[in-house]
Amino acid sequence: MKKQDQVQMRKQNKYIVLDAIRQMAPISRIQLSKYTKMSPTTITRIVQELEAEGFVLEGIAEETAIGRRPTLIHMRDDALYTIGIELDCFAIRIGILDFLGKLIAFQEVKCSIRHRYDEALHLLKQSIDNMMTEYHIAQEKLLGIGIGIPGVINNEEGIIVSSEQLKWENCHIRGDLNGVFGCEVIVDNELKMQIYAEIGDIYTPQYSNCILVGIGTGIGASILLNGEVYRGIENKAGEISHITINPFGAMCHCGKRGCLSMYVSEVSLLKRTPENLNIQSIEELLHCVNQGEQWAIDIQQDVATFLAIAINNLVCLYEPEAVIVSGEMIEHNSTFQQLLREKCKQYIWKELQPFDLQFSNQLKEGVVKGAALQAQKQLLSV
């Protein structure tokens, strides 16, 4: 075997062992040997290397009925950290993820960054600096930064090709941030980041084939196929805001009629509210629904109908294990959730029913946590 191949195999074995410890800790060396099918000698060498590098901690004994108590191996939550970021029209959300995948800090900075890329960049740098200082995160412990952004993203180059919501085009955000914090920066569409937070642990996910549908200032989807995000040719897969729902419907800014976003995006819904009430947020709209205002109930009915039709299209195309729906209008809104379930029964092809319809519980942390998880998975090298 060539020396290069040996180095690669040792590196791969090391990652397999670290992954096994992450999934099953606390775990003994004997258990690791059985699970990975590596020799006890190899396991001992790898565990010693991981401990020297600060990834694992060894030495807590396991109680057994007889014989010598094996030493258990634990993951260190402070081994490395990643930062997740969501850039939204009216807020920047930032969080710090520890090595065990726990979000240990979260902050939302209210601001208006539409048309204001340079201002957003300055505010982002300042907010990251402040958070790292507040939580005592040393720069050498920062593995990487993941950023989720609405719009079409060149994830390989870290470029915002276009963002309808933010009104940004051709922004080289990774290049503008690389080197500032001494770590790598990865950039992707926000829903392609969030789906990693929705499926549970990225190393032991609950689903391998699922679809996340997100409603916010726009609407989009993220499609997970065989454990990997499906991107299409240029990372535009999942841009469902412009699928045609009503060919005779309202004119969209894209120049076509009846686009999905014209019927379910938060911006479109607020435009349908009575002018004299001056409704400024989805929260206010939901309050009117709860108060029994018929116009508000009609809006909610329409959203459920058009969303169910869109979900049917996605389910027929991909036959996923589950569809997860997120958005302020949906999360923790049991009335709407039940309404959407009923509409899905009405519109989804019977051969695909019953299917697993889930609702996100991530609230404002979903994109942030998903971006930090993806940064950890993509950038970790042992």
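Provided above is the structure to which this section pertains.
All of these numbers come straight from a predicted model, not from anything done at the bench.

Conventions used here
Residues numbered from 1 in each chain as written. Predicted model: local features only at pLDDT ≥ 70, side-chain atom pairs only at ≥ 80, totals over all residues. Heavy atoms only, no water. Helix = DSSP H or I, 4+ residues; strand = E, 2+ residues; numbered from the N terminus. Rg over C-alpha atoms; globule rule 2.2 N^0.38 Å. Buried < 20%, exposed > 50% of the residue type's maximum accessible area, 1.4 Å probe, protein only. Contact = heavy atoms within 4.5 Å. Areas by Shrake-Rupley, 256 points an atom, 1.4 Å probe, with all protein chains shown as cover. 1 Å grid on protein atoms, 1.4 Å probe; cavity = no way out; pocket = protein on both sides within 12 Å on 5 of 7 lines; lining within 4 Å. Points joined across faces, edges and corners; volume = space filled by probe spheres on them. Pairing = 2+ DSSP bridges. Axes fitted to C-alpha atoms, helices over the stretch in contact; angles between N-to-C directions. Salt bridge = Lys/Arg side-chain N within 4 Å of Asp/Glu carboxyl O. Left-handed = near helix turned anticlockwise from the far one by under 90°. Nonpolar A, V, L, I, M, F, W, Y, C, P; charged D, E, K, R; others polar. Polar contact = N/O pair within 3.5 Å; in protein donor to acceptor, adjacent residues only side chain to side chain. Expected span 1.5 Å × (residues − 1). Arc of directions from axis to C-beta.

A few words now on the overall build of the protein. Counting its regular elements, the protein contains 12 helices and 16 strands. Taking 21 Å as the expected radius of gyration for a compact globule of 382 residues, we find that the protein reaches 23 Å, a close match to that expectation. The dimensions of the protein, computed from C-alpha atoms along their principal axes, are 75 × 50 × 45 Å. Looking at the 382 residues of the protein, the share that counts as buried comes to 51%. Considering only intrachain contacts with a sequence separation of at least 6, the fraction spanning at least 24 residues in the protein is 59%. As presented, the protein carries roughly 19,000 Å² of accessible surface, and 47% of it is formed by carbon and sulfur atoms.

Of the voids in this model, the second largest pocket is the one considered here, and its volume is about 160 Å³. Every residue along the wall of the second largest pocket is listed here: Val152, Ile153, Asn154, Asn155, Glu156, Val161, Arg231, Gly232, Ile233, Glu234, Asn235 and Lys236. When residues of the lining of the second largest pocket are assigned to their parent elements, the largest contribution, three residues, is made by strand 8 (residues 152-154).

Attention shifts here to the sheet that holds strand 12 (residues 210-215). Spatial ordering of the open sheet is given by 14-13-12-15-16, a layout of five strands whose pairing is mixed. Both outer strands of the open sheet, strand 14 (228-229) and strand 16 (356-359), are each paired with one neighbouring strand and no more. Pairing analysis gives four bridges linking strand 15 (residues 322-327) to strand 16, with the strands arranged parallel. Across the sheet, residue alanine 322 finds its bridge partner in strand 16, namely aspartate 356. Sheet strands touched by helix 11 (residues 334-347): strand 15 and strand 16. Its angle to strand 16, the strand with the most contacts, is close to 160 degrees.

Quick look at the environment of alanine 20 now. You can see alanine 20 is positioned in helix 1 (residues 3-24). Alanine 20 sits in the buried class, given a relative accessible area of 2%. Taking the C-alpha atoms as reference points, alanine 20 and threonine 36, 16 residues apart in sequence, are found 7.7 Å from one another. Leaving out residues up to four positions away in the same chain, alanine 20 has contacts with Ala25, Leu32, Tyr35 and Thr36.

Attention now goes to the pattern of salt bridges. This structure, assessed with the given rule, holds 14 salt bridges. Of the charged contacts, one joins glutamate 108 and lysine 110 as a salt bridge, the two residues approaching to 3.7 Å between their closest N and O atoms. Among the ionic pairs, aspartate 302 bridges to arginine 272, the shortest N-O distance being 2.9 Å. Of this pair, aspartate 302 sits in helix 10 (residues 294-318) while arginine 272 is found in the loop between helix 8 (266-271) and helix 9 (282-290), placing the two residues 30 residues apart along the sequence. Residue class for aspartate 302 comes out partly exposed when judged on its relative accessible area of 27%.

What follows covers the packing of helix 2 (residues 29-36) against helix 3 (residues 40-52). At their nearest, the axes of helix 2 and helix 3 sit 9 Å apart, and the two run at 115 degrees to each other. Relative to helix 3, helix 2 is oriented so that their crossing is right-handed. Between helix 2 and helix 3, the contacting residues are Arg29, Leu32, Ser33 and Thr36 on the first element and Pro40, Ile43, Thr44, Val47 and Gln48 on the second. Split by residue class, the contact of helix 2 with helix 3 holds four nonpolar, four polar and one charged.

Turning to the side chain of glutamine 300, a few remarks are in order. As for its position among the elements, glutamine 300 is in helix 10. Overall, the relative accessible area of 5% leaves glutamine 300 in the buried class. In this structure the side chain of glutamine 300 is engaged in a polar contact, spanning 3.5 Å, whose partner is the side chain of asparagine 333. Filtering out sequence-adjacent residues up to four positions away, glutamine 300 remains in contact with Leu286, Val289, Met329, Asn333, Thr335, Phe336 and Leu339.

Attention shifts here to helix 3. Taking 1.5 Å per residue, 13 residues should reach 18 Å; helix 3 reaches 18 Å between its end C-alpha atoms and fits that length. Here helix 3 has its buried residues at Ile43, Ile46, Val47 and Leu50. Along the long axis of helix 3, the arc covered by the buried residues comes to 100 degrees, so they all point the same way. Seen from the buried face of helix 3, the exposed residues on the opposite side, beyond 90 degrees, are Thr41 and Ala52. Residue glycine 54 follows helix 3 closely and has a positive phi angle near 85 degrees.

Remember that the coordinates give geometry; whether it matters functionally is a separate question.
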